[in-house]
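Notes for the structure review
Here are the chains, one letter per residue:
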Amino acid sequence: MSMSASLSVSQSLKAWWHKLGSPRWFYEISGPWQRLFGVLALVLLVTGTVWGLAFAPQDYQQGNSFRIMYVHVPTAIVSQSVYMLMGAAGLVLLVWRMKLADMVLSAAVPFGMSMTACALFTGAVWGKPTWGAWWVWDARTTSMLVLLFLYFGLYALRQAIPREETAGRACAVLALVGTVNIPIIKYSVNWWLTLHQPASFTLTGAPSMPPSMWVPLLINVLGIYCLFAANLIGRLKLTILERERNTQWVRALVREVSA
Amino acid sequence: MSFHTLNDFLVMGGHGLYVWLAYLTTITVVVGNVLAVQMARRRYFRQARALERRLAGGTVADPGDQTGSPMKGKQ
Amino acid sequence: MSLFAVQLRREWLLLVQSSEEILNPLVFLFLAITLFALATGGGPDTLQAIAPAVIWVLVLLANLLSLEGLFRRDFEDGTLEQLLLKAEPAFLALTAKILVHWTFSGLAMTVLAAVAALILYLPVSSLGTLLISLLVGTPALSLIGAVGAALTVGLKRGGVLLALLVLPLYVPVLIFGAGAVLEQMAGIETRAQIYWLGVISMASLTLAPFAVQAALRVSLEQ
């Protein structure tokens, strides 16, 4: 009995996995998810940002400049997660040759890259009142800068290879190698910091932030993940439309929308 | 509310420039990401619709209905 | 194991024949060091202070230059395709290829770095650390760089792209390598950095050949 049950579970899992490989199936089921994540992102981000900007208590050391944390930390965290996701998508593409993984690999780059650049910029703006300089070679800043270069490498490689399928698989290899490297880069840069810099630069140094300070941060972090999910689904759907533009179902969809 | 007057809120104890610069940049990037997808989607449907209309008028050759296409190369 | 030996012999003979492929990056290394000496005014104190950084960064760049030709000839004459089809397992043959490349880039640069250290006034007491860090660290450069070379081998203008892809991945090697020499000059124990370089090289040796193989398969299909 349990044998057959586990068999049917594995069969339905397998069927799901195969369906996930079908762009059309993904296009048709993902609409509600995109809306759900979009609404969640809007609610969370507005709540967290207003709370952090106007209601969270002032930091006793940094004054009001610490409020930059509520936009800086979520963008920094999400940009690293996006790269990790692309590494995972690269693995899936190379092992199972799933079309959707290839699309994730190309659709996630603009979001990840813009978030990395944004985190670097807000970090610099935060650094000016806190450290007295726009740019400090601090461990986290430097890791983020290297991450931006990694994103740019993925972008440039895709631009350089004319054939889409080849470009996708080349990017998959690069994203995988990059993902393996990220922890080593972070460790080495941290180690380098202890060599070159006095260890007084701890941005979120307050060991125990009161809940009124960290709850809005948590809300914004969750919000930006929801935003990424909605944005990724939107870009995936667009990529699907572009790559399948000559198929019956896409042409029917276009006629339906115009009618 | 951590501020008493609107002026306090805008000045942010002297850090207003930095705080507002960081927030405005982030909001621009976030909104830009959302808008980029929406605009690209609208552009796609506009072009695809124009193509369908021309196909219906018979001014260009029909690429043929494909049931499931392999991935296409860029032009 | 015989496949490995055969491939090793073939690569060795090929590289010995094409002397410019070996020489050009090494000449570049010294040319660039000269430029640094000229640009900073050649003062012994300045040069000594920046010597570890200059040597390590230039070794990185010279290595990058030598990587461009790593797969190109075999790619163009079809040898690479044959190798991926017939060699069993292919990653072993590729490892042999990369190792031979390393002896003519990383190893050769390690030996020549002694001269570079001399003309940059690096203290003799730090020479040992510099050479060991280069010896242990450069295999990682060749192995990681080979992945980038494999990804860009089919492209017409792959040079700058190769640098873009590979240099961020070189960051840990550079940090531990140059850091070890700097700390040695400051009189601090440097064994940990050398171990870390060893760890990165060993990890690259076990993982990079598979990535190179996958990347070459991708490059060959276009």
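What you see is a predicted model; the values in this text were computed from it and never measured. (Residues numbered from 1 in each chain as written. Chains lettered and ligands numbered in written order. Predicted model: local features only at pLDDT ≥ 70, side-chain atom pairs only at ≥ 80, totals over all residues. Heavy atoms only, no water.)

Right, let's get into the overall build of chain B. What chain B contains, in helices and strands, is two helices and zero strands. In chain B, which comprises 75 residues, the proportion classed as buried is 28%. Here chain B displays about 5000 Å² of accessible surface, and carbon together with sulfur accounts for 61% of that area. (Helix = DSSP H or I, 4+ residues; strand = E, 2+ residues; numbered from the N terminus. Buried < 20%, exposed > 50% of the residue type's maximum accessible area, 1.4 Å probe, protein only. Areas by Shrake-Rupley, 256 points an atom, 1.4 Å probe, with all protein chains shown as cover.)

Counting secondary structure elements, chain A contains eight helices and zero strands. Ordered by position from the N terminus, the helices and strands of chain A form the series α-α-α-α-α-α-α-α. Viewed in the frame of its principal axes, chain A has a C-alpha envelope of about 60 × 50 × 40 Å. Across the 259 residues of chain A, 54% fall into the buried class. Considering only intrachain contacts with a sequence separation of at least 6, the fraction spanning at least 24 residues in chain A is 79%. Looking at chain A, you have 19 positive and 9 negative side-chain charges, and the mean spots of the two groups are 2 Å apart. (Contact = heavy atoms within 4.5 Å. Lys, Arg positive; Asp, Glu negative; His and termini not counted. Charge placed at Lys NZ, Arg CZ, Asp CG, Glu CD.)

Glancing now at the confidence of the model for chain A. Low-pLDDT stretches of the model should not have their predicted coordinates read in fine detail. In this model, chain A carries a mean pLDDT of 86, and residues with pLDDT of at least 70 account for 91%. The low-confidence segment residues 197-202 of chain A, where pLDDT is below 50, has four contacts with residues more than four positions distant or belonging to other chains. (pLDDT = per-residue confidence, 0-100.)

A separate point is the interface of chain C and chain A. Listed as interface residues are 25 residues of chain C and, on the opposing side, 28 residues of chain A. Roughly 2400 Å² of surface becomes buried between chain C and chain A when both sides are summed, with 82% attributable to carbon and sulfur atoms. In this assembly, chain C and chain A are joined by one salt bridge. Between Arg169 of chain A and Glu221 of chain C there is a salt bridge whose closest N-O contact spans 3.0 Å. Along the contact surface separating chain C from chain A lie one residue pair in polar contact (both at pLDDT 80 or more). Only helix H7 (124-152), helix H8 (159-185) and helix H9 (191-220) of chain C provide two or more residues apiece to the side of chain C that touches chain A. Looking at which element gives the most residues to the side of chain C that touches chain A, the answer is H8 of chain C, with 12 residues. Partitioned by chemical class, the residues of the side of chain C that touches chain A number 20 nonpolar, three polar and two charged. (Buried area = accessible area lost by both parts, 1.4 Å probe. Salt bridge = Lys/Arg side-chain N within 4 Å of Asp/Glu carboxyl O. Polar contact = N/O pair within 3.5 Å; in protein donor to acceptor, adjacent residues only side chain to side chain. Nonpolar A, V, L, I, M, F, W, Y, C, P; charged D, E, K, R; others polar.)

What follows is about the packing of aromatic side chains. Residues and elements named next belong to chain A. Counted under the stated rule, the structure contains 17 aromatic pairs over all chains. A ring pair is formed by Phe111 and Phe228, whose centres lie 5.1 Å apart and whose planes are at 40°; its orientation type is tilted. Of this pair, Phe111 sits in helix H4 (residues 99-131) while Phe228 sits in helix H7 (residues 211-243); the two residues are 117 residues apart in sequence, bridging distant segments of the chain. As far as burial versus exposure is concerned, Phe111 and Phe228 are alike and both buried. (Phe/Tyr/Trp six-rings, centres within 6.5 Å; stacked < 30°, edge-to-face > 60°.)

Residues and elements named next belong to chain A. Summarising the element assignment, Ser30 is placed in helix H2 (residues 23-55). A C-alpha to C-alpha distance of 29 Å links Ser30 and Ala119, two positions 89 residues apart in sequence. Residues contacting Ser30, with those up to four places away along its chain left out, are Ile233 and Lys237. Here Phe26 takes part through its backbone oxygen, which lies 2.9 Å from a polar atom of the side chain of Ser30. Only 3.5 Å separates the side chain of Ser30 from the backbone oxygen of Tyr27, close enough to count as a polar contact.

The terminal C-alpha atoms of H9 of chain C, which comprises 30 residues, lie 42 Å apart, in line with the 44 Å expected from a rise of 1.5 Å per residue. Within H9 of chain C, the axis deviates most sharply at Leu207 of chain C, by approximately 40°, and proline Pro209 of chain C lies no more than four positions further along. (Expected span 1.5 Å × (residues − 1). Bend = angle between axes of the 7 residues up to and from the residue.)

Now for the interface of chain B and chain A. Between chain B and chain A, the residue contacts involve 41 residues of the former and 57 residues of the latter. Here chain B meets chain A over a buried area of about 4400 Å², counting both sides, of which 65% is carbon and sulfur. Our count for the chain B to chain A interface comes out at two salt bridges. Note that Arg251 of chain A is salt-bridged to Glu52 of chain B, the shortest N-O span being 2.9 Å.

This brings us to the pattern of salt bridges. On inspection of all chains with the given rule, the structure shows 15 salt bridges over all chains. Notably, a salt bridge pairs Glu68 of chain C with Arg72 of chain C, separated by 3.3 Å at the nearest N-O pair. The exposure class assigned to Arg72 of chain C is partly exposed, which follows from its relative accessible area of 21%. In this structure, Arg191 of chain C and Glu189 of chain C form a salt bridge, with 3.6 Å as the shortest nitrogen-oxygen distance. Considered together, Arg191 of chain C and Glu189 of chain C belong to a single accessibility category, that of exposed residues. Via salt bridges that share partners, Asp102, Arg158, Glu164 and Arg243 of chain A belong to a single interconnected network.

With that out of the way, let us pick up the packing of helix H5 (residues 79-86) of chain C against H9 of chain C. Residues and elements named next belong to chain C. Where H5 contacts H9, the axes come no closer than 11 Å and their chain directions differ by 125°. For the element pair H5 / H9, the angle class is oblique. In the crossing of H5 with H9, the sense of the turn from one axis to the other is left-handed. Judged by residue contacts, Leu80, Glu81 and Leu84 of H5 engage Gln213, Leu216, Arg217 and Leu220 from H9. (Axes fitted to C-alpha atoms, helices over the stretch in contact; angles between N-to-C directions. Parallel < 35°, antiparallel > 145°, perpendicular 65-115°, else oblique. Left-handed = near helix turned anticlockwise from the far one by under 90°.)

Within the structure shown, the criterion is met by zero disulfides over all chains. Cysteine Cys118 of chain A shares no disulfide, and the gap to the nearest cysteine sulfur, in Cys226 of chain A, comes to 18 Å. (Disulfide = S-S within 2.5 Å.)

What follows is about the packing of helix H3 (residues 69-96) of chain A against H7 of chain A. Residues and elements named next belong to chain A. Running from N to C, H3 and H7 point in directions that differ by 40°, and their axes come no closer than 9 Å. The angle between H3 and H7 falls in the class oblique. Remark: the crossing between H3 and H7 carries right-handed chirality. Where H3 abuts H7, its residues Met69, Tyr70, Val73, Pro74, Thr75, Ile77, Val78, Ser81, Val82 and Leu85 lie against Ser212, Met213, Pro216, Leu217, Asn220, Val221, Ile224, Tyr225, Phe228 and Leu232. A class-by-class count of the residues in the contact of H3 with H7 yields 16 nonpolar, four polar and no charged.

Turning our eyes to something else, we now look at unusual backbone geometry. At Arg97 of chain A, a position not held by glycine, the phi torsion is positive, near 55°. Its place among the elements puts Arg97 of chain A in the loop between H3 and H4. Classification of Arg97 of chain A as exposed rests on a relative accessible area of 54%. Of note, the phi angle at Tyr121 of chain C is positive, near 60°, even though the residue is not glycine. Tracing the backbone shows Tyr121 of chain C in the loop between helix H6 (90-119) and H7. In this structure Tyr121 of chain C comes out as partly exposed when scored by relative accessible area, which is 41%.

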